[in-house]
Amino acid sequence: MVLSSRPVEIPAELTKTVSCSSEAPGALMRRLETEGATHLYVDGGITIQRFLAAGLIDELTITLIPVLLGEGRPLFGKLDKDVKLTLLRSKAYDFGFVQVTYSTR
C-alpha cells in the first residue's frame, strides 16, 4: 500500500500486489482491519508523523547509522505531545548499525 495525496502510477506488473490510498491513517487502519490485516509496517517521515499523531503506532523501530549529518530534518517532526517510549529490545551489528525497538503503549 502506497499512501499519497497525489495520484501514483503503479507499474502494470505490480498492480496485483501494490495499491494506492489517500485515506487518513484512522480510516485506512479501520478498512485494513476489516480486510484481515493484523500487523502493518509504516515507513516514511510524514506518514510516520501522521500515524504517531493519530496514536496508531504500537511499536517503533529506529536504526541508528554512525554518520553525523551537518543538517537535516527532525526524525519525527513536530508532535502535539510527548510520546513516552519503553525499550523492548536493542541489537548492535558488527558493521556499526544499532537497532532499537520501543513500545509506545
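This text goes with the structure placed above it.
This is a predicted model, so every value here is computed, not measured.

Once that is clear, we can look at the overall build of the chain. Secondary structure summary: the chain contains two helices and five strands in total. Counting from the amino terminus, helix and strand elements in the chain follow one another as β-β-α-α-β-β-β. Rg of the C-alpha trace for the chain: 16 Å, well past the compact-globule value of 13 Å for 105 residues, more than 25% over. Expressed along its principal axes, the backbone C-alpha trace of the chain runs to roughly 40 × 30 × 25 Å. When burial is assessed residue by residue, the chain has 17% of its 105 residues classed as buried. Long-range pairs, those at least 24 residues apart, make up 47% of the contacts in the chain with a sequence separation of at least 6. Entry remark: accessible area of the chain is about 8500 Å², with carbon and sulfur atoms responsible for 54%. In the chain, 12 side chains carry a positive charge and 12 a negative one; their mean positions are 4 Å apart.

This part takes up the pattern of salt bridges. If you walk through the whole model with that rule in mind, you get four salt bridges. E35 serves as the salt-bridge partner of R31, at 3.0 Å between the closest nitrogen and oxygen. Since its relative accessible area comes to 27%, R31 is described here as partly exposed. A salt bridge links E59 to R89; its shortest N-O distance comes to 3.2 Å. Here E59 is found in strand β3 (residues 59-64), whereas its partner R89 is found in strand β4 (residues 86-92), with 30 residues between them in sequence. Taking relative accessible area as the criterion, E59 reaches 43% and is therefore assigned partly exposed. One salt-bridge network, held together by shared partners, links E23, R31 and E35.

The subject of this paragraph is helix α1 (residues 25-34). Because the α-helix completes a turn every 3.6 residues, residues three or four places apart line up on one side. Listed in full, the buried residues belonging to α1 are P25, L28, M29 and L32. Looking straight down α1, one finds that the buried residues subtend no more than 100 degrees of arc, so they occupy a single side. Turned more than 90 degrees off the buried face of α1, the exposed positions are R30 and T34. Two residues or fewer past α1, G36 is found with a positive phi of approximately 100 degrees.

What counts and how
Residues numbered from 1 in each chain as written. Predicted model: local features only at pLDDT ≥ 70, side-chain atom pairs only at ≥ 80, totals over all residues. Heavy atoms only, no water. Helix = DSSP H or I, 4+ residues; strand = E, 2+ residues; numbered from the N terminus. Rg over C-alpha atoms; globule rule 2.2 N^0.38 Å. Buried < 20%, exposed > 50% of the residue type's maximum accessible area, 1.4 Å probe, protein only. Contact = heavy atoms within 4.5 Å. Areas by Shrake-Rupley, 256 points an atom, 1.4 Å probe, with all protein chains shown as cover. Lys, Arg positive; Asp, Glu negative; His and termini not counted. Charge placed at Lys NZ, Arg CZ, Asp CG, Glu CD. Salt bridge = Lys/Arg side-chain N within 4 Å of Asp/Glu carboxyl O. Arc of directions from axis to C-beta.

None of this, on its own, says anything about what the molecule does.
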